[in-house]
Amino acid sequence: MRRMNGKAVFAVLSGIVLSLLFLSPAKAADNVKPVRVGLALPTQQEERWIREMEMITEAGKAVGLEVRSQISRNDQNDQNRQIDLLLKDGIKVLILAPHDGAAAASAVKKAKDAGVWVIAYDRMIMGPDVNVYLSFDNVKIGELQGEYLTKLVPQGRYVLMSGAPTDDNARLFKEGAMHFIQPLISRGDIEVVVDHPVVDWQPSNARKIVENALMLAENKIDAVLAPNDGTASGAITALEAQGLAGKIPVSGMDAELTAAQRIVQGTQTFTIFKDTRDLSKKAVEIALMMVKGEDFLTLAGGATMKNDVKDVPAVLLPAHLVDRNNLDALLIDSGYLKKEDVYQ
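Below you will find a few notes about this structure.

Quick notes on the rules
Residues numbered from 1 in each chain as written. Predicted model: local features only at pLDDT ≥ 70, side-chain atom pairs only at ≥ 80, totals over all residues. Heavy atoms only, no water. Helix = DSSP H or I, 4+ residues; strand = E, 2+ residues; numbered from the N terminus. Buried < 20%, exposed > 50% of the residue type's maximum accessible area, 1.4 Å probe, protein only. Pairing = 2+ DSSP bridges. Right-handed = clockwise from strand over helix to strand, strands pointing away. 1 Å grid on protein atoms, 1.4 Å probe; cavity = no way out; pocket = protein on both sides within 12 Å on 5 of 7 lines; lining within 4 Å. Points joined across faces, edges and corners; volume = space filled by probe spheres on them. Nonpolar A, V, L, I, M, F, W, Y, C, P; charged D, E, K, R; others polar.

1. Side note on the environment of Leu39
- Position of Leu39 among the secondary structure elements: in strand β1 (residues 35–41).
- Judged by its relative accessible area of 0%, Leu39 is buried.
- For the pair Leu39 and Val67, spaced 28 residues apart in the sequence, the C-alpha separation amounts to 6.7 Å.

Pasting the structure below:
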């Protein structure tokens, strides 16, 4: 076999380099498998989770991440099985909003044992294997709710609801709200008719709580602390049955379309706008930094949240109170909701 001289070798190598440089993007992309990211969400029964699944999937696709999604049915055993499926799919990052923050720890340990990064997405996971917590300032959200209600109703009978006991956010919302409500209780200005958590955040459970409160108080209640828009809808259904909808302030959170419609109608007083577009983008940004080996902890800026085991680095986004006065500016002008849908 004839050996090539130095010039011939150089020519061949140059040709290879040039062919690689001018390889069409489409063909180059065909040779690269996108990194898989797992997304595990707690329920399909809340409007926000469906929106976020779509937004995270699209944001991931835009930066070359393939998002594989699973949504449980308010059941942590079901969600843990779904996480097993995601791990078998070869995910490199798990974005997890747990149904039950404590019971999710075993599935998260499996993920960590498999070398998978874990983002606690908007709900804390009670275990040592969480890399970062991404959410909003949930104590501040509770403070916004409590401050607004107590300014409207500084004296009177209150129905206090907190979220699901399985969700640590419920504790944080309640803690923040009570910064404003508890001093008025201690002073005797506020009487608590009922103080109860809402199992699984279900509107039907919230409705039963408010129905019971109305019965105990003979319909004489003055304010309802509903931790989110779903529980607000249940509370308002109970109030409507007694002809009280729109006459008693009701809080909320998540800025769901149905909540915005109720605010326009006057049956829900306010909600809290957590811009999940920002949350979804930030989740994808962190996931991308993880797979690229970049220091994602810089995004936390030193902030942490306790999860019973350790202080977890926390990336916390701001939230905003929305009532009838600023609904258009915050929800419609920002493109979060469509005017024709809100004012249908």
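2. A few points about the pairing of β1
- Here β1 lies mainly inside the structure; 5 of its 7 residues are buried.
- Where β1 and strand β2 (residues 65–71) come together, 7 bridges link them in parallel fashion. Bridging across to β2, Ala40 finds its partner in Gln70.
- In this fold, β1 hands off to helix α3 (residues 47–62), which returns the chain to β2; that crossover is right-handed.
- Summarising the sheet, β1 and strand β3 (residues 93–96) pair through 4 bridges and their orientation is parallel. Of the residues in β3, the one forming a bridge with Val37 is Val93.

3. So, empty space enclosed by the protein
- Taken as a whole and judged by the stated rule, the model has 2 cavities of 30 Å³ or more.
- By volume, the largest cavity is sized at about 80 Å³.
- Taken together, 13 residues form the lining of the largest cavity, with Arg48, Arg123, Asp167, Trp201 and Met253 sitting closest to its centre.
- When residues of the lining of the largest cavity are traced back to their parent elements, those giving at least two are α3 and α7 (168–187).
- Tallied by class, the residues present in the lining of the largest cavity amount to 4 nonpolar, 2 polar and 7 charged.
- Its volume calculated, the second largest cavity comes out at about 30 Å³.
- Lining of the second largest cavity is provided by Gln145, Met161, Ser162, Gly163, Ala170, Phe173, Lys174, Ala177, Leu225 and Pro227.
- Looking at the lining of the second largest cavity, the elements that each hand over two or more residues are β6 (156–162) and α7.
- The dominant element in the lining of the second largest cavity, judged by the number of residues it contributes, is α7, at 4 residues.
- Grouping the constituent residues of the lining of the second largest cavity by class yields 6 nonpolar, 3 polar and 1 charged.

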